[in-house]
Amino acid sequence: MAQNAPMVLRLLASSVTAANRAGKIIRDIMSRGDLGIVDKGINDLQTEADRSAQRCIVASLTQQYPNLTIIGEEGATNCEVPSDWIVTDYDQTVISEQCPTEYSHITKDDVVVWVDPLDGTSEYTQGLLEHVTVLVGLSVKGRPIAGVIHQPYYDYKSGNSLGRTIWGLVGMGVGGFNPQNPPSGKLIVTTTRSHSDNTVQKALDSLNPDEIIRVGGAGHKVLMLIEGKAHAYVFASKGCKKWDTCAPEAVLVASGGKLTDMHGLPYEYGKNVQHPNVGGVFATVRGIDHEELLSKIPQEVTDKLK
Ligand SMILES: Nc1ncnc2c1ncn2[C@@H]1O[C@H](COP(=O)(O)O)[C@@H](O)[C@H]1OP(=O)(O)O
Ligand SMILES: [Mg+2]
Ligand SMILES: [Mg+2]
Ligand SMILES: [Mg+2]
């Protein structure tokens, strides 16, 4: 009986349906063509799609899990939410999974939900729609244990109008996609296309990769890792925040990968942590020696990321 499932599994199943609904809002706003772009700072845009998608996700989860701690990129709002934006059903695939017993006694007070309602805003405004993801990450006692990465525009050029939703729960596994290993005998690194600087480039040069793939979004880049298109995601910048990496890290770890800062330290996702990932992002797929690759990053780069 779904209602008797452990809270973590129910919350993940609710996060999948909420992310799917947010994805439709993102598509609808793009179709209407009025993005309502606001400039939050240097190269840091926000659109009506970011704002509306967040309201949809927060309202849906809050209705089902009152007093749940949810931290969203676009801040707290108490705007009215249209009733058809509030979804309270479970994703049937997720809710039917066998939840690891380690999560059986987790309560709402142990959980913080990190929401990036639209990751890849820069690319969304430029029409690079396949870079966009909706991210909902669940942390338990500070550790990222579950995540949803929804792609509103997955395969949309072939006529797919519903996108695709990937999910993962550490210790249970992943769903919604077909995990692939990247090619052996070479190093492919993925990184930012819209927030690069000298330090970001120096870190990449130090790895001497065979190929660098520059795309938007933290969610999109982690998907490239778990779908075998790259071996590492390297971003030597303070630009990412906890909502950018909580869900991707949980899905990556559930796939056997690893994400740390550029010093090799883990990020904590408790409710009082600072939001910027000041140590940068260094993520690798299963089978890559994370520490060995990280050791190639020069101190002049890591000194900038504190
Ligand atoms: N300098 C920055 N300012 C604001 N957001 C940033 C910055 N760098 C990275 N981000 C966020 O991290 C994500 C991954 O970075 P990138 O796309 O450059 O690889 C971006 O999509 C953006 O998330 P968002 O689009 O949700 O604001
Ligand atoms: Mg943003
Ligand atoms: Mg983001
Ligand atoms: Mg965002």
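Residues numbered from 1 in each chain as written. Chains lettered and ligands numbered in written order. Predicted model: local features only at pLDDT ≥ 70, side-chain atom pairs only at ≥ 80, totals over all residues. Heavy atoms only, no water.

The name an unreviewed UniProt entry assigns to the protein chain is 3'(2'),5'-bisphosphate nucleotidase 1, from the organism Asbolus verrucosus. In the Sequence similarities (unreviewed entry) part of its UniProt record, the protein chain is described as follows: "Belongs to the inositol monophosphatase superfamily." (UniProt positions renumbered as here; feature names shortened; annotations may be inferred.)

S.K.: Help me understand the site of ligand 1, please; the structure alone is not making it clear to me.
M.R.: Near ligand 1 there are 20 residues, and of these Gly120, Thr192, His195, Gly217 and Lys221 occur at the shortest range. Between ligand 1 and Glu73, the relevant distance is 3.0 Å, taken from an oxygen atom to a side-chain nitrogen or oxygen of the residue. A distance of 3.1 Å separates an oxygen atom of ligand 1 from a polar atom in the side chain of Asp119. Contact with the protein chains removes 91% of the 520 Å² of surface that ligand 1 exposes when unbound. Placement of ligand 1 is best described as lying within the largest pocket. Secondary structure elements with two or more residues in the shell around ligand 1: strand 4 (111-119) and helix 6 (218-226). Per element, the largest residue contribution to the shell around ligand 1 is 3 residues, and it comes from strand 4. When its residues are assigned to classes, the shell around ligand 1 shows 4 nonpolar, 9 polar and 7 charged. (Near = heavy atom within 4 Å. Polar contact = N/O pair within 3.5 Å; in protein donor to acceptor, adjacent residues only side chain to side chain. Areas by Shrake-Rupley, 256 points an atom, 1.4 Å probe, with all protein chains shown as cover. 1 Å grid on protein atoms, 1.4 Å probe; cavity = no way out; pocket = protein on both sides within 12 Å on 5 of 7 lines; lining within 4 Å. Sits in = over half its atoms within 2 Å of the grid points. Helix = DSSP H or I, 4+ residues; strand = E, 2+ residues; numbered from the N terminus. Nonpolar A, V, L, I, M, F, W, Y, C, P; charged D, E, K, R; others polar.)

S.K.: I'm lost on the coordination of the magnesium ion (ligand 3) in this one. Help?
M.R.: Reference values for angles at a metal are 109.5 degrees in the four-donor tetrahedral case and 90 or 180 degrees in the six-donor octahedral case. For the magnesium ion (ligand 3), every protein donor is listed as Asp116 (OD), Asp119 (OD) and Asp244 (OD), and the spread of their distances is 1.8 to 2.0 Å. Site description for the magnesium ion (ligand 3): donor spacing in sequence, D-x2-D-x124-D. (Donors = N, O, S within 2.8 Å, 3.2 Å for Na, K, Ca; no water.)

S.K.: Can you walk me through the UniProt feature "binding site: Mg(2+)" (unreviewed entry) in the protein chain in this structure?
M.R.: The feature "binding site: Mg(2+)" (unreviewed entry), as annotated in UniProt, sits at Glu73, Asp116, Leu118, Asp119 and Asp244 in this numbering. Annotated residues spanning 172 residues; largest pairwise C-alpha distance 9.6 Å, indicating a single compact cluster. Here the residues from the annotation list that line the largest pocket are Glu73, Asp116, Leu118, Asp119 and Asp244. Position of Asp119 relative to the elements: it lies in strand 4. The exposure class of Asp119 is buried, given its relative accessible area of 5%. Filtering out sequence-adjacent residues up to four positions away, Asp119 remains in contact with His131, Val132, Thr133, Leu135, Gly217, Ala218, Gly219 and Asp244. For Asp119, the side chain forms a polar contact with the main-chain nitrogen of Ala218, separated by 2.6 Å. (Buried < 20%, exposed > 50% of the residue type's maximum accessible area, 1.4 Å probe, protein only. Contact = heavy atoms within 4.5 Å.)

S.K.: Would you explain the packing of aromatic side chains in this entry?
M.R.: Geometrically, a pair of aromatic rings is defined through the distance of the ring centres and the angle of the planes. Under the definition given, this model contains 2 aromatic pairs. Residues Trp114 and Tyr269 carry aromatic rings whose centres are separated by 6.5 Å and whose planes lie at 75° to one another, so their mutual orientation is edge-to-face. With Trp114 in strand 4 and Tyr269 in the loop between strand 12 (258-260) and strand 13 (281-284), this residue pair connects regions lying 155 residues apart in the sequence. Of the two residues examined, Trp114 and Tyr269, each falls in the buried class. Their ring planes at 75° and their centres at 5.2 Å tell us that Tyr153 and Tyr156 sit as a pair that is edge-to-face. The ring centre of Tyr154 lies 3.9 Å from the NZ or CZ of Arg164, which sits over that ring. (Phe/Tyr/Trp six-rings, centres within 6.5 Å; stacked < 30°, edge-to-face > 60°. Lys NZ or Arg CZ within 6 Å of the ring centre and 35° of its normal.)

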